[in-house]
Structures are given as C-alpha cells and as structure tokens.
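Listed below, chain by chain, are the residues.
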Amino acid sequence: MVSKSKYSTSTMIGVSIVGTPTPVFWDSHYAISQNYAPVSFISGSPGSGKTFLGLLLSCHGNLMNKAQVILDPKGDFIALRKLYELGYINKVDIWNVAEANGKISDENIGMLDPTSFTNNIAENTALTMDILVSLVGRIDDELQSTIIPIIKDVVEDDRPSFMSVAAAMNRYRDDERVRSVGMTLQTYLQVGLGKLLSRDKRSQKKQELNISNGTIVANLMGLTLPTSEKSFNDYSNSERISVAIMSLLTQKVIDSMRSDKKIRKTLVIDEAWSVASTPKGKAMMSEVALLGRSLNMSVLLISQSPKHLNFGDSASLDNTITTRFSFRNNDERDNDMTVAAMRLEDPGWASILPDLQPGTCLMKDCQGNAGIVQIMAPEGWAEIFDTNPNAVLESQK
C-alpha cells in the first residue's frame, strides 16, 4: 500500500550482520534534523550493490512524499517507473533529457543555454564563459578579457543564445583567436547534445523544471561520460559536452529546489564524479552542502571510488559527507581512504571491504554509528532493481 504520510519517518534499509542481527533504519533527512550536512555517499565496484541501494533509498523517499530529482546517466533508475506502474510506489516521471539514440526533443532544445540560465546578467556572463572554457579548453586571461565583453553584449540582448555568442565571435575581426574559438563553439552547438545548450532565438519558450512532489528521473543515457581517470585534455568532443551538460543540469535542479522550504527534497546524482570533476561542479556541490539544510534538501551521491570526491584540499567534497555506504572494492588505496574518511578507530575495517558480498556494505551514519549492513528490499523489488546487463537482457526476453 502506498504511504500518504506527509512527514518523513526512517525506513528499514537492511540488517546489521555483525553480532546479533539488528534492523537498520535510515532516512536521508535525518542528518538535517540533527544539524549535520545533508550529503550521503554510496561507493563501490560495479556489481557490488551501490545502485541497488540508490534505487531502494529513492523508493523510500518517494513513499515519504519527498520531491526527488535523480540524474541518471546510465538509465538504471528508470526501473522506478516499473514499480510505480505495479502500484508499489507513488508517481514517477521520466524526463528524457538526452535519450540513448541522441535525439533531443523540441521542448528540451536550449533548456541549458548558459546565456539565459538565471535572471542575473553578470551570473549568466560568467557561466557562459565557464561553459565555453569547458568545451574548447583553456583560454588564457588575455583572450578571456576580449571574449567576455562579446558574451556580455549577447547576454544583454532580449533573446540571448549561446549560438549568438558563437556568431558574434565569428564576426570579430581584430583577433583571429576569437574567431577560432567561435568556430569551435559553433561546431559543438549545431549537432546532437549541443542543441541543449543554445535556444532558438525565434522561440519565446524556455523549458522550466517544476519540482513540487513526486519523483523525476532525468534520463541522460545519451551522454558520453569519460572514465573518471581520464584527463580533461584527453576528453573527446562528446565527452566534453556531456560533462558540461551534467554540470548545468545539476545547477538547474538545485536552483529549482530553492522553492518551498516546507517540502522535503532530495537530489540523487549517479556517476557523481562527472559533476565534481570540474571547478564549477565542485563549487556548486560545496554550495549544496552548505545550503542543503536551509533548503530542506538532502543529497545522495553515487560513484565507484571515494577519491572521486576527494581533491586533497580543505574544500574537498569529501569533508561535507556525513553518511557513507561503502560496498565491495578491491582497490587498497580506496579502502584506506574510505576508512580514514569514516574516522574509524580500527584500521582493520579496510581489509574487510574487498571481501564484502554483493548487497553488503560498511555503513557509518552522521552520529558515528558504524557496522556491516546487508541491504534488503521488499519481495519482488530485487528483480526490478537488478542493473546487471545480462539480467536486464534476460528480463526483456
């Protein structure tokens, strides 16, 4: 039966399996109620159970009537729609931002155009410059000082667009480098995913994200995300534009969640490293950690390795995480980093992580409680949650 409760209550996520088996209850908003940062992190190797837990926690948030947005680059969270259709959970909407076939629907064209992203001209000018750099690569300070006024002129127009920035740079006669950057940008914006980044100047319509209740899964299967170990300089064109889209989309979702503070909200980011790997994304997620409590918003980050959120400085996202779920990982450095981040007194925990069975994790909550937890889902959910490619193919036969 679907819960109609308007108030959050911790739900059972599994059983502690060290010593006497004990039910484990958890809610992503509990940290907020105790004045801790609202960020939780799930890590682990492929097939270890991290996505399973992400799906389970998303279902629990849905049943608590939280407003949730899930950024889903791999299409795993589309499984939530099936649970809704079977009557297990509340409404789930699939927002096809970038479909697997590369198609961009007409209503999504220009939805992430940085020249009109906010209502502030200065912010839009700076954001447009940031995205330009993320697409074409490093632009030295001298060249930026030439390009920024061009961007500002476009942003101040009644109907600005990123393509207009490219056109203005292509018309600039005083510096061949400006024209070169403009031509490169134009190439990005003319095809495929680039259409998300530039509005049609003939259209008055601007796609907005309405978050009030229910769960929205942003389907991003059309993105081509680089591996986390890959250097930015080695990114392909499609990888650069995909990372830029992830960053802008995360910002769009966060901005939309600044609405009614009475509504409990949760942002789930799978492949979180793709946002945190850029300076803009890192700053944005740090802002969420600081403002999440005041916005009544919890954040659930999912990534394979703890090092994806640890940059070795005092501003590291690693410092904002108050609850951790660490599944099987065979990388010794990752495991040492996990135990250090959890501030566990016994370093022997690191030797346990490689031997954890699928669906079992080392958990530490915001109040310092730690233990080995076997994640459990209601009967019938596990099959729907199985994101193993072979299992998915078998279920479609």
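Here the structure is shown first, and the text comes after it.
Residues numbered from 1 in each chain as written. Predicted model: local features only at pLDDT ≥ 70, side-chain atom pairs only at ≥ 80, totals over all residues. Heavy atoms only, no water.

1. Looking at helix 8 (residues 237–256)
Logical step 1: Over its 20 residues, helix 8 extends 29 Å from the first C-alpha to the last, a length consistent with the 28 Å expected when each residue adds 1.5 Å.
Logical step 2: Counting buried residues along helix 8, 17 of its 20 residues qualify, which places the element largely inside the surrounding structure. (Helix = DSSP H or I, 4+ residues; strand = E, 2+ residues; numbered from the N terminus. Expected span 1.5 Å × (residues − 1). Buried < 20%, exposed > 50% of the residue type's maximum accessible area, 1.4 Å probe, protein only.)

2. A few points about helix 4 (residues 121–136)
Logical step 1: The terminal C-alpha atoms of helix 4, which comprises 16 residues, lie 22 Å apart, in line with the 22 Å expected from a rise of 1.5 Å per residue.
Logical step 2: Where helix 4 is concerned, the buried positions are Asn-124, Thr-125, Leu-127, Thr-128, Met-129, Ile-131, Leu-132, Ser-134 and Leu-135.
Logical step 3: Its side-chain oxygen at 2.9 Å from the backbone nitrogen of Ala-122, Asn-120 defines the N-terminal cap of helix 4.
Logical step 4: Just past helix 4, the residue Gly-137 takes up positive phi, approximately 100 degrees. (Polar contact = N/O pair within 3.5 Å; in protein donor to acceptor, adjacent residues only side chain to side chain.)

3. A short note on the side chain of Ser-303
Logical step 1: By secondary structure assignment, the location of Ser-303 is in strand 8 (residues 297–303).
Logical step 2: When neighbours within four sequence positions are excluded, Ser-303 is seen to be in contact with Phe-41, Ile-42, Ser-43, Gly-44, Lys-50, Ala-272, Trp-273 and His-308. (Contact = heavy atoms within 4.5 Å.)

4. Considerations on the pattern of salt bridges
Pairs may arise between side chains of opposite charge once their charged atoms sit close together.
Logical step 1: Across all of its chains, the model carries 12 salt bridges by this definition.
Logical step 2: As a salt-bridge pair, Asp-76 and Lys-74 come within 3.6 Å of each other at their nearest N and O atoms.
Logical step 3: Judged by relative accessible area, Asp-76 falls into the buried class, the value being 14%.
Logical step 4: In this structure, Glu-239 engages Lys-230 in a salt bridge whose closest nitrogen and oxygen atoms are separated by 2.9 Å.
Logical step 5: The class for Glu-239 is buried, based on a relative accessible area of 10%.
Logical step 6: Lys-230 sits in the partly exposed class, given a relative accessible area of 31%.
Logical step 7: Among the ionic contacts, a cluster of salt bridges with common partners joins Lys-74, Asp-76, Asp-270 and Glu-271. (Salt bridge = Lys/Arg side-chain N within 4 Å of Asp/Glu carboxyl O.)

5. Quick look at a nonpolar patch on the surface
Logical step 1: A contiguous nonpolar patch, built from Met-12, Phe-25 and Met-376 and spanning about 290 Å² of accessible area, is present on the exposed surface.
Logical step 2: As for its position among the elements, Met-12 is in strand 1 (residues 11–16).
Logical step 3: Here Met-12 falls in the partly exposed class, since its relative accessible area comes to 35%. (Patch = residues over 30% accessible without salt bridge, like charges linked within 9 Å, V, L, I, M, F, W, Y side chains within 5 Å. Areas by Shrake-Rupley, 256 points an atom, 1.4 Å probe, with all protein chains shown as cover.)

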